[in-house]
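Given next are the chains, with one letter for each unit.
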Amino acid sequence: MRNSIPDRSSPGSPRTAPFAGHQDGGDKCATGGHQRNKIRGRENIAIATWNVRTLAATGKLEELEHELKNYTWDIVGLCETRWKNFGQHQTKEGNILYYSGEKDIHAKGVGFLVNKNIKDSVMECCPISSRLITIRLKAAPFNISIVQVYAPTTDYEDEVIEEFYTELQNTVEKTNKKDILIIQGDWNAKVGIDEQRDWKEHYGTSCNENTNDRGRRLLEFATYNNLALANTLGHHKDSRCWTWHAPNGTHHQIDYTLVQNRFRSGINRAKTRTFPGADVGSDHDLIIMNFRVRLKKTKRPSNTRLKFDLDKLKDPAICEVFQATIGGKFAPLLVVDEDPEVLCNTFNTVMTDTAKQVLGYKRKRKKPWVNDNILKMCDARRKLKNLRHSTGKAEYSEINKMIRKSMKQAKENWIEQKCADIETNLERNNSRKAFEIVKSLTKQEQSRATTIQDKNGKCLTESGDITARWTEYCRELYNHRMQGDPGVLKMEESTNADDFPILREEVEAAIKSLKNGKAAGDDNIPAELIKNGDEEVVNLYSQQYATRSG
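First things first, this report covers the structure right here in the doc. None of the values given here were measured: they were computed from a predicted structure.

Structural notes on the overall build of the chain
Thinking step 1. A count of helices and strands for the chain gives twelve helices and 18 strands.
Thinking step 2. Within the chain, contacts between residues at least 6 apart in sequence are counted, and of these 71% link residues at least 24 apart.
Thinking step 3. Surface exposure of the chain reaches about 30,700 Å², of which carbon and sulfur atoms provide 48%.

As structure tokens, this is what we get:
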């Protein structure tokens, strides 16, 4: 069995409060997005587990996402992430990574990578330790609770193993009894065919030849909780059963996905297996379980916010075309006595249609430093994976080094280019663009999840409990005596009986005072369009206000 990363602390020390040193408190839970999204039982949901060895290396997370594009997945449980503390991070692809690790060192670590298509189904994600993390998904008719584990290796004493299983059992007992329970990860245990007769209700024949002591401990845990080892139930060839490739060239199955026997029929046995073709430079293989549930996509109101390419207005030729087009469309409105409401709606329509026609929409420009050449090398490395213990060992090692080196160099080049862009914009007095680049470079990449605790330090996950706690906190915070001034109640009410018309000069001054770079309102008309509309916009606004005051 392989060795784990040396731990600076005593391997047998309990870890009941892994994040007590944070400024935002100790053990906390991360609440997910809209809880209206539900999982339905008509189509498959792909739940995977993978020991990636590390995500702390440069570009490893991008590498992982690139590799997963070759597979259908909804949520991936990760082992040995080696990210410190607990939090959540949104990747450039839009997926959400929840992670739990050691406080001070890059060691151990577990997490979940949730697909962007189902991230709103996450009800909560709670860290237990650097070896345990749980996530709960909104589903119907039952919610789904997934526990990701990273068991101690054989280098640890039996006392450490028992502490791990005790902590795991406490976690299982705290989960909702109505939920579908799935426990998966790197168990560092071998379950073999030799014990299958005595434990046939809990695992199948697609397994190792022999069972070791840690494997028997795993089977005892599965029996006590009535769980089945899902990736042993089907009939697969050996290469689709192995999960770990030892340095000496031997292959073993030590990673498992456990599902309650009550929901055993929901496992698609033919598609629940190891995928040896997936490669992120780890000695473990990807395991995907297809389960007969799916995430329901809730229809959201469409985003009607329009962002036009306002930078084109800086070009005098385009600005002249915009003013001419606006003038031609506004000219008939100046000679017609329209209702103010109709005039306002027509004005908004003309402005947005003209902006769409002349300027077009602003495109999102992303320049990730992980370029296509690096991704092509990742693809080439995956093809050499099966030969890394034989004829392709040197070539596989060389391309692995090239990927790591290219990742670091590409990131340095990307940062240097950003710095050059900042200097160029400052020289051109374009401070707004320069500070936008600075903000994108200095923002915290690994953002912590929003969390809340009650007075006793208990993690609150239900929306009703969170609202009640905030109400209690604000009531105590602002519960102090104030002496009001009763004289304000005797003041005369202001009246708007003002029949004076709005002057053209006032309209011009109001338009001139508008600030550029501000978000548009519900009418989707930013200040730049109004300020560049020339005299026709002033005339129409003046007529509109004159009609209203009249």
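A few points about the sheet that holds strand E6 (residues 96-100)
Paired through their backbone hydrogen bonds, the strands of a sheet run either parallel or antiparallel.
Thinking step 1. With respect to topology, seven strands assemble into an open sheet ordered E5-E6-E7-E4-E3-E17-E16, the strand pairing being mixed. Two strands bound the open sheet, and with one partner strand each, they are strand E5 (86-90) and strand E16 (273-275). Pairwise comparison of adjacent strand axes, ignoring direction, gives a mean angle of 20° for this sheet.
Thinking step 2. Pairing analysis gives five bridges linking E6 to strand E7 (residues 110-114), with the strands arranged antiparallel. Along E7, the bridge assignment pairs Ser100 with Val110.

A few points about the pattern of salt bridges
Thinking step 1. One pass over the full model with this rule turns up 21 salt bridges.
Thinking step 2. Here Arg53 ties to Glu80 by a salt bridge, and the two come within 3.6 Å at their closest N and O atoms. Taken together, the residues Arg53 in the loop between strand E3 (45-51) and helix H1 (60-68) and Glu80 in the loop between strand E4 (75-79) and E5 connect sequence positions 27 residues apart.
Thinking step 3. Exposure remark for Arg53: the relative accessible area of 25% places this residue in the partly exposed category.
Thinking step 4. A relative accessible area of 1% means that Glu80 is categorised as buried.
Thinking step 5. When the shortest N-O distance is used, the salt bridge between Glu472 and Lys455 registers 3.2 Å. Within this pair, whereas Glu472 is found in helix H9 (residues 463-477), its partner Lys455 is found in the loop between helix H8 (431-442) and H9, the two being separated by 17 residues in sequence.
Thinking step 6. For Glu472, a relative accessible area of 28% puts it in the partly exposed group.
Thinking step 7. Through salt bridges with shared partners, one network takes in Arg53, Glu80, Arg82 and Asp283.

Quick word on the side chain of Ser282
Thinking step 1. Topologically, Ser282 is positioned in the loop between E16 and strand E17 (286-291).
Thinking step 2. The class of Ser282 is buried, set by a relative accessible area of 3%.
Thinking step 3. Within the structure, Ser282 has its side chain in polar contact with the backbone nitrogen of His284 (distance 3.1 Å).
Thinking step 4. Ignoring any residue separated from it by four or fewer positions in sequence, one finds Ser282 in contact with Asn51, Val52 and Arg53.

A look at the packing of aromatic side chains
Thinking step 1. Using the criterion set out here, one finds nine aromatic pairs in the structure.
Thinking step 2. On the basis of an interplanar angle of 80° and a centroid distance of 5.3 Å, the ring pair of Phe164 and Tyr165 is categorised as edge-to-face.
Thinking step 3. Residue class for Phe164 comes out buried when judged on its relative accessible area of 4%.
Thinking step 4. Exposure remark for Tyr165: the relative accessible area of 4% places this residue in the buried category.
Thinking step 5. Seen in terms of ring centroids, Tyr165 and Phe221 are 5.8 Å apart; in terms of plane orientation they differ by 55°. Their pairing is tilted.

Remarks on H1
Thinking step 1. Of all nine residues that make up H1, eight are buried, and the element is covered over most of its length.
Thinking step 2. Buried residues of H1: Lys60, Leu61, Glu63, Leu64, Glu65, His66, Glu67 and Leu68, and no others.

Reading the values: rules and limits
- Residues numbered from 1 in each chain as written.
- Predicted model: local features only at pLDDT ≥ 70, side-chain atom pairs only at ≥ 80, totals over all residues.
- Heavy atoms only, no water.
- Helix = DSSP H or I, 4+ residues; strand = E, 2+ residues; numbered from the N terminus.
- Contact = heavy atoms within 4.5 Å.
- Areas by Shrake-Rupley, 256 points an atom, 1.4 Å probe, with all protein chains shown as cover.
- Pairing = 2+ DSSP bridges.
- Axes fitted to C-alpha atoms, helices over the stretch in contact; angles between N-to-C directions.
- Salt bridge = Lys/Arg side-chain N within 4 Å of Asp/Glu carboxyl O.
- Buried < 20%, exposed > 50% of the residue type's maximum accessible area, 1.4 Å probe, protein only.
- Polar contact = N/O pair within 3.5 Å; in protein donor to acceptor, adjacent residues only side chain to side chain.
- Phe/Tyr/Trp six-rings, centres within 6.5 Å; stacked < 30°, edge-to-face > 60°.

None of this, on its own, says anything about what the molecule does.
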